[in-house]
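Given next are the chains, with one letter for each unit.
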2 protein chains.
Amino acid sequence: MSKRPFGLAVAQLGPIQPNDTRKQAVARLLEMMKEAASRGAKMVVFPELALTTFFPRYWMTEKEAIDRYFEKSMPGPETQALFDTAKKLSIGFYLGYAEVSTEGKCFNTSILVNQQAEIVGRYRKIHLPGHSDNKSHAPFQHLEKKYFEVGNEGFNVWETMDSRIGMLLCNDRRWGEAWRVLALQNAEIVAVGYNTPSQNIHWNEPPHLRMFHHILSLQAAAYQNCVWVAAAGKAGKEDGFHLFAGSAIVAPTGEIVAQAQGEDDEVIFCQADLALGDAFKQHIFNFAAHRRPEHYTLITERVGPGAALGKPPLL
Amino acid sequence: MSKRPFGLAVAQLGPIQPNDTRKQAVARLLEMMKEAASRGAKMVVFPELALTTFFPRYWMTEKEAIDRYFEKSMPGPETQALFDTAKKLSIGFYLGYAEVSTEGKCFNTSILVNQQAEIVGRYRKIHLPGHSDNKSHAPFQHLEKKYFEVGNEGFNVWETMDSRIGMLLCNDRRWGEAWRVLALQNAEIVAVGYNTPSQNIHWNEPPHLRMFHHILSLQAAAYQNCVWVAAAGKAGKEDGFHLFAGSAIVAPTGEIVAQAQGEDDEVIFCQADLALGDAFKQHIFNFAAHRRPEHYTLITERVGPGAALGKPPLL
C-alpha cells in the first residue's frame, strides 16, 4: 500500500492567566504555528478555548464579566493575525474558542481552517461536561452547562487538505458515539482540543486516573475508528488550578506516536501516514461487513440507562 | 458509598487439540470451577467455544465433520456435570459453545447460568469476524462467517446473582456499540469469552499489537461504560496455531485488577466492588445528563461509512 504522508502538528498551550490578553495568547499561537510549519506541518491543532483562561471554572453572573471571554467574530481583530500567517505559511489549523453566534447563542466552538486561511468547518461542542449550578463548596466550578448551549450542528467531517478531517472538543473524546459518527463519514484525522482539570470536583478520584482515561480514550478511539487523532491540551496552573497536559498524536494502530513532554507551550509533530488505517478498514473494522445496526437501536432510543431487556426469556 | 462485593473469577483455558474429547475439556472446566468456588467466586467466566478446539480455522465441507463441533442440547450428556457441580458449589458460570438451535440454525453462543444451575440468559454472537470463503493461501482460516449465523437475539442484560450481567463474545469487545447497548440496560458486569489468533491472516500486523488492541478495548469499554469486565480466553497452540492469552478482569476505572500469567488453564479472581462504577455513573458518565442521541443517528442509519456530511456549509 502506498503511503500518504500528512505533516500533522499539535500545539499544546501552557497556562493562560485570567488577566492575559488575547494579543498575548495569539502571539504564543503564532510562534507555535511558525514552528509547526517549519517542521513540515500541513495542519496544526490548537487547544479548546485557546484564547483565554479556562473561564468555566468561575461562577460569574454579570453579563460583562462573561462576555469578555467570547468571540463575536472569527477572525476578529486579535485573531486576524493567525489567518494571515497561516495563509503566508500555507498551513491549516484547528482552533478552539468561545463563540457568540449571530443569533446571540453561546457555544464552545472549534473551527477548521485550510491552507488558504479559509474557514472550511465549524464544530460546536455537543458533550458539555460539568454543571450549571453554583457548587459553592467545590474548590472550583465546571460550568460548561451554564455558559454554553449544546452544539446544534452535529458531528461533521470535511474534505480538505487532501484528507477528511473531523473535529471534537474535550469531553467528546470519552464518548464512543462521537467518534463513530465521524468514522461513518470516513474521517481520516480527528482533531481534539481540550482543557481538563487534574482534580475531579465531584469525588475523590486519584489524579493519575484522569490522565490514564484521557490517553485510553484517545487510543481506543483511534484504533476502533481507524483514524489519526491529534489532541491538543491547555496545561499547567491557571490561576492556581491545574490542567493536565498529555497532548498527543495517536495512530490508527492505537499507538502514541508523539506526546508532549511538559506542561508549557510545546509543538509535537509527526509525518502521519494516512494510509496506515487502510488495512484495519479493510478487515477487522470493515464496517460494511461486520456492523449490525439493527442491534444498536438502544443507542438512539435511550438517553440514560433503562430496564434490562433480559431476553430471550428463561430457556 | 457502601461496597457491594462480588466474587468474580475468570477461567482461562490452555489449548484444546482437535482430537481432545468433550469429556476432557469439561474435566478441565470442572477443575477450574472448583478452584474458583474455593476462592469465593459467585460466578466464573469460561472462554468462547470452550468445549472444542477453535474449529473455524479449518475449511470443512462435510456435514459430519462440522456437526461434531456443535452442541445439540445444553446441558448435554457431556456438559451436565458442569451444571451439577455448579449447583452443588452454588457458583454461577458463563460458557461459550457452538450451538445448533432447535430450528437447525448454527450460532456462536454463550449462556449465563445462575447459582442454582439454571440457564438464565443466552447470547448469540453478533459481530462475527473473518470470512466465509476458502482462503487457501492463508496459513489458516477464520471461517466464523461460514459456520455461524449472525446472532438474532440482540445484546441483553440479565438481573441475576444480585447484579445485572451482560454477555459478549470475542470480536464484540472491539465494537463500542455492543458495550453501549449493555450499559444502556444498566449492566454492572460484562462477561466476554474469546479465542484470538496471534497472527493476522489478512495483513502483516505485528503480533504485539493484537494483544495491545485486546487489552485496550477491554479497558476503554470498562471505563466508558462503568462496568466490570471479565474476559476469558482460550490460549496457546492448538494444532500448531497460536491463540493469545491475556485473560483479564478490568474494573470500571479501566484498571486491570487481575490478569492471567501464562497460556494454560488458569483461574484469576478478584473481589469486585460493584459500587465502584457508581461515582462515574453519577458524574462524567451520567448518560441522562450528557448523552445526545439526536446527534448519533448515523450509528443506526449507516452500516458502512458514507459521504461526509460536511455541514455546516462554508462560513
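Worth saying up front: this structure is predicted, and the values here are computed from it rather than measured.

Draft legend 1. Representation of the relation of the copies chain A and chain B. Superposition of chain A onto chain B requires a rotation of 180 degrees combined with a translation of 0.0 Å along the rotation axis, giving an RMSD of 0.0 Å. Within this description, the copies of the chain are treated as partners about a two-fold rotation axis. Counting the interface residues of chain A, we find that 100% of their copies in chain B are interface residues as well, pointing to one common contact surface.

Draft legend 2. Seen up close, the interface of chain A and chain B. In this complex, chain A contributes 78 residues to the contact, which on the side of chain B involves 78 residues. Between chain A and chain B the total buried area reaches about 7200 Å² when both faces are included, carbon and sulfur atoms providing 64% of it. Summed over the shared surface of chain A and chain B, the number is four salt bridges. Between Arg 291 of chain A and Glu 177 of chain B there is a salt bridge, with its nearest N and O atoms 2.9 Å apart. When contributions to the side of chain A that touches chain B are tallied by element, the ones reaching two or more residues are strand 5 (119-124), strand 6 (157-160), helix 5 (176-183), helix 6 (207-225), helix 7 (278-282), helix 8 (287-290) and helix 9 (298-301) of chain A. Considering every element that reaches the side of chain A that touches chain B, the biggest residue donor is helix 6 of chain A, with ten residues. Among the residues forming the side of chain A that touches chain B, the class breakdown is 38 nonpolar, 26 polar and 14 charged.

Draft legend 3. Structural view of the UniProt feature "domain: CN hydrolase" (unreviewed entry) in chain A. Per the UniProt record, "domain: CN hydrolase" (unreviewed entry) is annotated on residues 6-276 of chain A. With 23% helix and 28% strand, residues 6-276 of chain A has end C-alpha atoms that lie 11 Å from one another.

Draft legend 4. Region of interest: the packing of aromatic side chains. Residue and element names in this part refer to chain A. Tallied over the entire structure, the rule returns 30 aromatic pairs over all chains. Arranged with centres 5.8 Å apart and planes meeting at 55 degrees, the rings of Phe 70 and Phe 148 form a pair that is tilted. Of this pair, Phe 70 sits in the loop between helix 2 (63-67) and helix 3 (80-89) while Phe 148 sits in the loop between helix 4 (144-147) and strand 6; the two residues are 78 residues apart in sequence, bridging distant segments of the chain. For Phe 70, a relative accessible area of 3% gives the class buried.

Draft legend 5. Examining the sheet that holds strand 7 (residues 163-169) of chain A more closely. All names here are of chain A. What the six strands build is an open sheet, ordered 6-7-8-9-12-13; its pairing is mixed. Here the strands that pair on one side only, and so sit at the sheet edges, are strand 6 and strand 13 (256-259). Put simply, the sheet's adjacent strands are angled 20 degrees from each other on average, direction ignored. As paired strands, strand 6 and strand 7 are joined by four bridges and run antiparallel to one another. Bridge pairing in strand 7 places Glu 159 opposite Arg 164. Packed onto the sheet, helix 5 meets strand 6, strand 7, strand 8 (189-194) and strand 9 (228-233) and runs at close to 160 degrees relative to strand 7. On top of the sheet, helix 6 reaches strand 8, strand 9, strand 12 (248-250) and strand 13; it is set at about 30 degrees to strand 12, its chief contact.

Draft legend 6. Region of interest: empty space enclosed by the protein. Under the criterion given, the structure shown has three cavities of 30 Å³ or more. Looking at the largest cavity, its volume works out to about 290 Å³. Around the largest cavity, the lining is made up of 22 residues, and of these Gly 176, Glu 177 and Gln 224 of chain A together with Gly 176 and Gln 224 of chain B lie nearest the centre. Every element with two or more residues in the lining of the largest cavity is listed here: helix 5 and helix 6 of chain A together with helix 5 (176-183) and helix 6 (207-225) of chain B. When grouped by side-chain class, the residues that make up the lining of the largest cavity number eight nonpolar, eight polar and six charged.

Draft legend 7. Molecular detail of the pattern of salt bridges. All names here are of chain A. For the coordinates displayed, the defined rule picks out 40 salt bridges over all chains. The shortest N-O distance in the salt bridge between Lys 135 and Asp 133 comes to 3.3 Å. Lys 135 gets classed as partly exposed once you look at its relative accessible area, which sits at 29%. Under the relative-accessibility criterion, Asp 133 is labelled partly exposed at 38%. Because the salt bridges share partners, they merge into one network encompassing Glu 99, Arg 122, Arg 124 and Glu 153.

Draft legend 8. Main features of the side chain of Glu 153 of chain A. Along the chain, Glu 153 of chain A falls in the loop between helix 4 and strand 6. Within the structure, the side chain of Glu 153 of chain A is placed 3.4 Å from the side chain of Arg 124 of chain A, a separation counted as a polar contact.

Draft legend 9. Just the environment of Leu 13 of chain B, in detail. Residues and elements named next belong to chain B. Tracing the backbone shows Leu 13 in the loop between strand 1 (5-12) and helix 1 (22-38). The exposure class of Leu 13 is buried, given its relative accessible area of 0%. For the pair Leu 13 and Glu 48, spaced 35 residues apart in sequence, the C-alpha to C-alpha distance is 9.9 Å.

Draft legend 10. Quick peek at the packing of helix 6 of chain A against helix 6 of chain B. Across the interface, helix 6 of chain A lies against helix 6 of chain B with an axial gap of 9 Å and an inter-helix angle of 120 degrees. Our classification of the angle between helix 6 of chain A and helix 6 of chain B gives oblique. Crossing of helix 6 of chain A over helix 6 of chain B shows left-handed handedness. The segment helix 6 of chain A lies against helix 6 of chain B, with Phe 212, His 213, Leu 216, Ser 217, Gln 219, Ala 220, Tyr 223 and Gln 224 of chain A engaging Phe 212, His 213, Leu 216, Ser 217, Gln 219, Ala 220, Tyr 223 and Gln 224 of chain B. Residues that form the contact of helix 6 of chain A with helix 6 of chain B fall into these classes: eight nonpolar, eight polar and no charged.

Draft legend 11. Representation of helix 6 of chain B in the model. Residue and element names in this part refer to chain B. Over its 19 residues, helix 6 runs 28 Å from end to end, which matches the ideal 27 Å to within 8%, given 1.5 Å per residue. Helix 6 sits mainly inside the fold: 15 of its 19 residues count as buried. Count one or two residues on from helix 6 and you reach Cys 226, which has phi positive near 55 degrees.

Draft legend 12. Quick look at helix 5 of chain A. Along helix 5 of chain A, seven of the eight residues are buried, which leaves the element largely enclosed by surrounding structure. Regarding helix 5 of chain A, the residues found buried are Glu 177, Ala 178, Trp 179, Arg 180, Val 181, Leu 182 and Ala 183 of chain A.

Draft legend 13. Main features of the side chain of His 142 of chain A. Along the chain, His 142 of chain A turns up in the loop between strand 5 and helix 4. Those residues in contact with His 142 of chain A, other than ones at most four positions away along the chain, are Phe 54, Pro 56, Pro 129, Gly 130, His 131, Pro 197 and Ile 201 of chain A.

Draft legend 14. View of the packing of helix 5 of chain A against helix 6 of chain A. Residue and element names in this part refer to chain A. At a closest axis distance of 10 Å, the pairing of helix 5 and helix 6 adopts a crossing angle of 30 degrees. As judged from the angle between their axes, helix 5 and helix 6 are roughly parallel. The way helix 5 lies across helix 6 gives a crossing that is right-handed. Counted together, Trp 179, Arg 180 and Ala 183 of helix 5 and Leu 218, Ala 221, Gln 224 and Asn 225 of helix 6 form the full contact between these two elements. Each residue belonging to the contact of helix 5 with helix 6 can be placed in one class, and the counts come to four nonpolar, two polar and one charged.

Draft legend 15. Expanded view of the confidence of the model for chain A. Residue and element names in this part refer to chain A. Across chain A, the average pLDDT comes to 96, with 98% of residues at 70 or higher. Looking at the elements of chain A, mean pLDDT is at its lowest for helix 2, recorded as 93, and at its highest for strand 2 (residues 43-45), recorded as 99. Here the predicted complex scores 0.97 on pTM and 0.97 on ipTM.

Draft legend 16. Quick peek at the sheet that holds strand 4 (residues 106-113) of chain B. Residues and elements named next belong to chain B. One open sheet accounts for six strands, arranged 5-4-3-2-1-14; its pairing is mixed. The sheet terminates laterally at strand 5 (119-124) and strand 14 (266-273), the two strands that pair on one side only. Direction aside, neighbouring strands of the sheet carry axes that sit 25 degrees apart on average. Sheet topology note: the strand 2 (residues 43-45)/strand 3 (residues 92-100) ladder contains three bridges and is parallel. Across the sheet, residue Val 45 finds its bridge partner in strand 3, namely Tyr 94. Here helix 1 sits on the sheet and contacts strand 1, strand 2, strand 3 and strand 14; the angle it forms with strand 14, its principal contact strand, is near 35 degrees. Strands in contact with helix 3 (residues 80-89) are strand 3, strand 4 and strand 5; relative to strand 3, the strand with the most contacts, it is inclined by about 165 degrees.

The rules behind these values
Residues numbered from 1 in each chain as written. Chains lettered and ligands numbered in written order. Predicted model: local features only at pLDDT ≥ 70, side-chain atom pairs only at ≥ 80, totals over all residues. Heavy atoms only, no water. Least-squares fit on C-alpha atoms with pLDDT ≥ 70 in both. Contact = heavy atoms within 4.5 Å. Buried area = accessible area lost by both parts, 1.4 Å probe. Salt bridge = Lys/Arg side-chain N within 4 Å of Asp/Glu carboxyl O. Helix = DSSP H or I, 4+ residues; strand = E, 2+ residues; numbered from the N terminus. Nonpolar A, V, L, I, M, F, W, Y, C, P; charged D, E, K, R; others polar. UniProt positions renumbered as here; feature names shortened; annotations may be inferred. Phe/Tyr/Trp six-rings, centres within 6.5 Å; stacked < 30°, edge-to-face > 60°. Buried < 20%, exposed > 50% of the residue type's maximum accessible area, 1.4 Å probe, protein only. Pairing = 2+ DSSP bridges. Axes fitted to C-alpha atoms, helices over the stretch in contact; angles between N-to-C directions. 1 Å grid on protein atoms, 1.4 Å probe; cavity = no way out; pocket = protein on both sides within 12 Å on 5 of 7 lines; lining within 4 Å. Points joined across faces, edges and corners; volume = space filled by probe spheres on them. Polar contact = N/O pair within 3.5 Å; in protein donor to acceptor, adjacent residues only side chain to side chain. Parallel < 35°, antiparallel > 145°, perpendicular 65-115°, else oblique. Left-handed = near helix turned anticlockwise from the far one by under 90°. Expected span 1.5 Å × (residues − 1). pLDDT = per-residue confidence, 0-100.

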